[in-house]
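A structural walkthrough
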Amino acid sequence: MTNEILQAVTNAVAEAAQAAPQFNWVDTIWVLIAGVLVFFMNAGFAFVESGFVRAKNTVVVLAKNFVVFGLATIAFWAIGYAIMFKVFGDFGSGVFFYSMGTAYPTGPTIPEMAFFFFQLVFAGTAATIVSGAIAERSKFLVFVLFSVLLVAVIYPAVGMMIWNPDGFLFKDGFIDFAGSTVVHSVGGWAALAGIIILGPRIGKFGKAAGKRKVNAIPGHSMSLATLGTFILWLGWFGFNPGSMLAVNEDVIKIAVNTNMAAVTGMLTATIISWIRFKKPDFGMILNGLLGGLVAITAGCNAVTVGGAAIIGVIAGLLIVFGIPMFENLGLDDPVGATSVHLLNGVVGTFLVGVFAVNGGLWYTGTFELILLQLKGIGYTAVVVFGASLIFWFILDKIFKIRVPEKEEIDGLDVGEMGTEAYVMHDK
Amino acid sequence: MKLILAVIRPESLESVREKLYAKGIDSLTIIDVQGHGKQKGHKELYRGREYQVDFLNKIQIELAVADNMVDTVIEAISTGAKSGSMGAIGDGKIFVTNLEKVVRIRTGELNDSAL
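Residues numbered from 1 in each chain as written. Chains lettered and ligands numbered in written order. Predicted model: local features only at pLDDT ≥ 70, side-chain atom pairs only at ≥ 80, totals over all residues.

As for helix 2 (residues 70–81) of chain B
Residues and elements named next belong to chain B. The condition is simple: Numbering goes from the N terminus for both helices and strands, where a helix is a DSSP run of H or I of at least four residues and a strand is a run of E of at least two. A helix is expected to span 1.5 Å multiplied by its residue count minus one. Any residue surrounded by 20 or more other C-beta atoms within 10 Å of its C-beta is treated as buried, while 12 or fewer makes it exposed and the intermediate range makes it partly exposed; C-beta atoms here are placed from the backbone. Note that the arc is defined by the directions from the helix axis to the C-beta atoms. Throughout, a residue-residue contact means that the two C-beta atoms, derived from backbone geometry, are no farther apart than 7 Å.
In this model helix 2 runs 16 Å from its N-terminal to its C-terminal C-alpha over 12 residues, within 8% of the 16 Å that 1.5 Å per residue would give. Residues V73, A76, I77, G80 and A81 constitute the buried set of helix 2. Down the axis of helix 2, the buried side of the element spans an arc of 110°, and every buried residue falls inside it. Projecting away from the buried face of helix 2 at angles above 90 degrees are the exposed residues D71, E75 and T79. Looking at the buried side of helix 2, the elements it contacts are strand 1 (2–8), helix 1 (13–22), strand 5 (56–65) and strand 6 (92–98).

And the structure:
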């Protein structure tokens, strides 16, 4: 009898322990703070993108960047999170419209709700990348619809392959620590598909001597673009170090690596643009910093500080040569998102195969990790670029994704939103 | 009565105004304008692409003065707007035209007494 009671009590205690795991609250508060920093990157994107467009299209860009996190929240909560992390696990009731869990898939040091919050702000980041590239000529409505599709389906499909512990690229050992591929190249591929279907802004390309002439269309505020870049730089200290999902010595290294690649990217863009264009080109300098941040995101936990510096230098070069390259191909990207997020997302992921202390070519002399990185890049490219082309194509057939010519010339702010950013005729 | 229009550099407005005040001119209107002379504008750089800025920012001063003040005002604007002792391209121009009628709205005074 006594034994039975003892057994019952033991069982009850074990059950209670199972029901309420002992979370590490230091880890948890760090993940929440990092998530808040990543959330604020929405403001960074809003200012970078609005600074790089003309005054007459500012409100549309601001509005896209503002509502996109609302769309991302609903889409990721309802569908995206389930696709990304649940379908391989206990797929069943309560999977969609996430409400409560106990532990995240790889180990219960933080409550699942904290993990969900951190994943949610990441999903929002992927969606904001698209808005700048398609700015100044695309309808507000189609951006809204595409963002929902991106966060509900495309982004989580890639996340499932790479970040879900049951995903095949995760199992292979593909390294994308904080999302050069999962977040940035996903946004970049989706943006590239959008640019191709949209076509360039009126006046971006002309003809001179039978060849394509590329015209500069200066943005209206370098001050806003600078503020936005600073905010993104700050936010990245949540983006990369927070992705550890815990507090330990690696988090410090990740913060240092993140900053190192950012500044070498910025300084490389400064020097190379100075040589190439005779003056230090400030638009390139801002994008050079962002390129460095995107490139180090995949390998920030895998490389040394020196490795991060080299990755940043390569990122800076990619910006100075990538932006004119896309333009010379006839692709019009008002903010440089394809060079910052796509080019550096892809190359940054590849460079993990070179500079990773464990398995990188530089240290081991073997190509195994490089090939694995290329495999992940390739799958992501096919899935995201393919799906995005199809979605943009369908949206164009149904809604016409481009605004009428007159509206584009007059400015999208009045045509799309009915509100101007800078009111010059006070009543 | 004459209407004097002077297009000057924005940065020389303060010294021009001081010279005009010194000559007893205490009413003037200024307008932000854009324009260029024979030398055209200048080149700027945006994300790796050079482009031409044709119209430069200038200030246009408008002054209505009595006939006997014209030379004094031209002298004042010229000395105030000239860069250094030699002057420089872009210092601006002064235009003088006849003025038919001036009305002070508050009192209804006309012409010279309205100046």
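Still to come is the rest of the account.
Quick word on the interface of chain A and chain B
As a measure of interface size, the accessible area lost when the parts come together is often cited. For the record, the criterion: Lys, Arg, Asp and Glu make up the charged group, whereas Ala, Val, Leu, Ile, Met, Phe, Trp, Tyr, Cys and Pro make up the nonpolar group; the residues left over, Gly among them, are polar.
Listed per partner, the contact involves 13 residues of chain A and 6 residues of chain B. At the level of elements, helix 9 (249–277), helix 10 (282–299) and helix 11 (305–328) of chain A are the ones that each hand at least two residues to the side of chain A that touches chain B. Classifying every residue of the side of chain A that touches chain B gives 7 nonpolar, 4 polar and 2 charged.

Comments concerning the packing of helix 7 (residues 180–198) of chain A against helix 12 (residues 337–355) of chain A
All names here are of chain A. For clarity, the threshold we go by: Where helices are involved, their axes are fitted lines through C-alpha atoms of the stretch in contact, as for all axes, and angles between N-to-C directions lie from 0 to 180°. Reported orientations rely on four angle classes, namely roughly parallel under 35 degrees, roughly antiparallel over 145, roughly perpendicular from 65 to 115, and oblique for the rest. The hand of a helix crossing depends on one turn: near helix anticlockwise from the far one by less than a right angle means left-handed, and clockwise means right-handed.
Axis separation between helix 7 and helix 12 bottoms out at 8 Å; the angle between their running directions is 135°. With respect to their mutual orientation, helix 7 and helix 12 come out oblique. In the crossing of helix 7 with helix 12, the sense of the turn from one axis to the other is left-handed. Between helix 7, through S180, T181, H184, S185, G187, G188, W189, A191 and L192, and helix 12, the contact on the second element is made entirely by A337, T338, H341, L342, G345, V346, G348 and T349. Considered class by class, the residues forming the contact of helix 7 with helix 12 number 6 nonpolar, 11 polar and no charged.

A word on unusual backbone geometry
One non-glycine residue, A:K278, lies in the positive phi region at around 75°. When you line up the elements, A:K278 lands in the loop between helix 9 and helix 10. In this model, B:R47 sits at a positive phi of 45°, which is unusual for a non-glycine residue. Owing to 27 C-beta atoms within 10 Å, B:R47 belongs among the buried residues under this scheme.

Focus on the nonpolar core
Our working rule: We define the nonpolar core as any set of buried residues of the types Ala, Val, Leu, Ile, Met, Phe, Trp, Tyr and Cys, connected via C-beta atoms lying within 7 Å of each other.
One finds A:L150, A:V151, A:V186, A:A191, A:A261 and A:I311 to be the most contacted residues of the largest nonpolar core, which totals 136 residues. In contact with A:V186, other than residues within four places in its own chain, are A:A126, A:I154, A:Y155, A:V158, A:T380 and A:V384. Counting 12 residues, the second largest nonpolar core, distinct from the first, contains B:L20, B:I61, B:V65 and B:A81.

Digging into the packing of helix 10 of chain A against helix 11 of chain A
Residue and element names in this part refer to chain A. Packing of helix 10 against helix 11 leaves a shortest axis separation of 8 Å and a crossing angle of 130°. Between helix 10 and helix 11, the angle is such that the two are oblique. Note on packing geometry: the crossing formed by helix 10 with helix 11 is right-handed. Touching M284, N287, G288, G291, G292, A295, I296 and G299 of helix 10 are A308, I311, G312, I314, A315, G316, L318, I319, V320 and I323, all from helix 11. A per-class count over the contact of helix 10 with helix 11 returns 11 nonpolar, 7 polar and no charged.

As for the environment of A:W274
Residue and element names in this part refer to chain A. Within the secondary structure, W274 is located in helix 9. For the pair W274 and S131, spaced 143 residues apart in sequence, the C-alpha to C-alpha distance is 29 Å. Excluding anything up to four places from it in sequence, W274 contacts K279 and P280.

Remember that the coordinates give geometry; whether it matters functionally is a separate question.
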